[in-house]
Amino acid sequence: MTQSQRLSAPIVLFVSVLFSTGCASTARIDPFGMSFMPPAPRTVEVSAAVNAATEPPRVPANIYLKQTPATFVTPALIHPPSFSETIRRADQHFQAGKRFYQEGSQEEARREFDLALDILLDAPETTDRPALEKKFDELVRSIYRYDVDGLGSGVNAQDPVFERSPLEAILELTFPVDPKMKNKVDDEVRATASQLPLEVNDAVLSYLNYFSSERGRRVMIGGLKRAGRYRALISRVLDEEGVPQELIHLAQAESGFIPRALSSKAAAGMWQFMAFRGAQYGLLQTATTDDRLDPEKATRAAARHLRDLYTEFGDWYLALAAYNCGPGCVDRAVQRTGFADFWELRNRNVLPKETQNYVPAIVAMTIIAKNLKDYGIENLEVDPPCEYDTLEISAPTNITLIADAADRPLSELKDLNPALLKPVAPSGYQMRIPKGSHATVLAALDSVPVSHRASWRVHRAEHGETLPVIARRFNTTLSALQAANSSMDTPEAGDVVLIPAAVAATPKVVKTYAHSRQSGSKKVVASRHAASRQTTKTVANKAKPRFRHGHAIAAR
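Just so it is clear, the structure is predicted and the values come from calculations on it, not from any experiment.

Draft legend 1. Just the overall build of the protein chain, in detail. Scanning the protein chain from N- to C-terminus turns up 23 helices and ten strands. When burial is assessed residue by residue, the protein chain has 45% of its 556 residues classed as buried. For the protein chain, long-range pairs separated by at least 24 residues make up 71% of all intrachain contacts whose partners lie at least 6 apart in sequence. Of the roughly 29,000 Å² of accessible surface on the protein chain, 54% is carried by carbon and sulfur atoms.

Here is the structure:
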């Protein structure tokens, strides 16, 4: 062996050991460390390998300038806020808004409500979208209630707000008939089970044509959505009184399921009772209440009245006509013509114009409601059912005090009690309160002296609150607050604090709350709920005349 061969042998042996060791240990090398290294060349000269073993490769200084390695990405970007975390943050701002509202800080309340909606709007696309949208809608509805109460509506608490029935003007009109619809409708009716007879003629087809139009479909869908609040109640009462379930559409024709609907002829409520007819069926009126506006009481009265009319005329179409224009009107038409048939009376034009269209409209709505897909109405989201507990009022009590006790917006209590015309519920009144709040509300009311329930309020203390802070919040004196809460030095979180101050009449009027925001491809307008109520009419200057008998043809 030459001298050069003796010198190169150790080098070859060293290189061989180096490469074989590197391949065998690849699996044990930290993968995160390897990810930062540039890829090794496919072929390496011996001299390059020796250099690799003695000095590290040169790495460009700006290798991560355009792309951050995954290891350095912040956890917030890897793991966006969870659905529960998003909801928690939104609820925090919503609760803060409620606190500001309670203390009369409208601008601060509006800001917190905006932030609550912003959090939901800015949630990552990976969030459970259907659940998030449901929560958003719930929050918008809740904020709208506070908006009605004092964030911009300016509605005086003393003035009941009534609405016009969506169909009142329609029943005076005539609509064209689409002759191509008849065969289709005939097939639908033959395949439809109904306790109420479903006649198909030109009068019915004209209303089917109207409700199939863009405007008519909006009216139909609006009523069907509102029906969700009362459908279970109405169905139960109709069943108990032994009348057809399809008579629910009479309420849709009368009021669109609006409890405080008021007609131009002084008929009131979901079932549009005139004062004298309502009194015949136990719907009483006082200075502070009107049972015609009570959904359950009015439904019971309407079912019994319809049953009596069917007993008198022996025909459901004549019973419906009599409900609209009065049994005397129908009886005179029958006596004059000798025909006890609604369609014959209609053809002879011996019934009022509204009544002639009233029955066909109800039949058309019944056919559509039983065949929604055939009329392009699918995936209809109805309003949630109206559920409540009942609390008998033992002394005159301001509804604002009950709202405080239930920790709910005042407008929610008003919605549950449409028959209450004044802010103070009389003794003996059956107050509807949010479902599941009976014990909480009763305990809070029991802490308020009976003589002060018409004016005082209550507040549930929060962590860290003191009596001076609460006094400033409710714009009352510390001495008065201490006198009303003599056994309380420093309230603990959850304690009921009595507020010895008269209930505020009307909150300061500010511009209407509206949350409108463009977020990427999403545009959400929270005030759409307020827009849907633009038809609301305040009839404060007609508080007494609106309940007079008037000159109505509908002697209901």
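Draft legend 2. How the structure looks around the packing of aromatic side chains. Throughout the structure, instances matching the rule amount to nine aromatic pairs. For the ring pair F273 and Y323, a centre distance of 6.1 Å and an interplane angle of 70° mean the geometry is edge-to-face. With F273 in the loop between α11 (248-255) and α12 (275-280) and Y323 in helix α14 (residues 316-325), this residue pair connects regions lying 50 residues apart in the sequence. By relative accessible area, which is 0% here, F273 ends up buried. Ring geometry for Y310 and W316: centres 4.4 Å apart, planes at 15°, overall stacked. On the basis of relative accessibility, which here comes to 35%, the residue Y310 falls in the partly exposed class. By relative accessible area, which is 10% here, W316 ends up buried. In this structure an aromatic cluster arises from ring pairing among F175, Y207, Y210 and F211. If you follow K184 out to its NZ or CZ, it ends over the ring of Y375, 3.9 Å from the centre.

Draft legend 3. Layout of helix α10 (residues 214-241). Taken as a whole, α10 carries its principal kink of about 65° at Y230. One or two residues past the end of α10 sits G242, with phi positive at roughly 70°.

Draft legend 4. Looking closely at the nonpolar core. Counting 75 residues, the largest nonpolar core has L208 and W271 as the members making the most contacts within it. Grouped together as the second largest cluster of nonpolar side chains are 29 residues, L391, A405, A406 and A444 included.

Draft legend 5. Up close: unusual backbone geometry. A positive phi angle, near 50°, is found at N379, a position not held by glycine. Tracing the chain through its elements places N379 in the loop between α17 (353-369) and β2 (388-392). Overall, N379 belongs to the exposed group, its relative accessible area being 76%. Positive phi, close to 55°, is recorded for D407, a residue that is not glycine. The residue D407 is located in the loop between α18 (399-406) and α19 (410-416) in this model.

Draft legend 6. Layout of the pattern of salt bridges. Throughout the structure, instances matching the rule amount to 23 salt bridges. With a shortest N-O distance of 3.6 Å, R236 and E240 are connected by a salt bridge. Within this pair, R236 and its partner E240 are both found in helix α10, separated by four residues, close to a single helical turn.

About the thresholds
- Numbering of residues starts from 1 in each chain and follows the order in which that chain's sequence is written.
- This being a predicted model, a pLDDT of at least 70 is required before a residue's local features are given, and a value of 80 or more before pairs of side-chain atoms are given or counted; all residues contribute to the totals for chains, interfaces and linings.
- Heavy atoms throughout the structure, all of them, feed into the side-chain values; hydrogens and water do not.
- Strands here mean DSSP runs of E at least two residues long; helices mean DSSP runs of H or I at least four residues long; both are numbered from the N terminus.
- In this scheme, a residue with accessible area under 20% of its type's maximum is buried, one over 50% is exposed, and one in between is partly exposed, where area comes from a 1.4 Å probe on protein chains only.
- Contact definition: two residues touch when any of their heavy atoms are within 4.5 Å.
- To be clear on the numbers: accessible area is Shrake-Rupley with a 1.4 Å probe, and residue cover counts the displayed protein chains and nothing else.
- Aromatic rings from Phe, Tyr and Trp, with only the six-membered ring used for Trp, were paired whenever their centres fell within 6.5 Å, and each pair was classed as stacked if the ring planes differed by under 30 degrees, edge-to-face if by over 60, and tilted otherwise.
- By definition here, charges over rings are those cases where NZ of Lys or CZ of Arg is within 6 Å of the ring centre and within 35 degrees of the ring normal.
- One fitted axis covers the seven residues ending at a residue, a second covers the seven starting there, and the bend at that residue is the angle between these axes.
- We define a nonpolar core as any set of buried Ala, Val, Leu, Ile, Met, Phe, Trp, Tyr and Cys residues linked to one another through side-chain atoms lying within 4.5 Å.
- A pair is scored as a salt bridge if a Lys or Arg side-chain nitrogen falls within 4 Å of a carboxyl oxygen belonging to Asp or Glu.

This is a description of form; function is not addressed.
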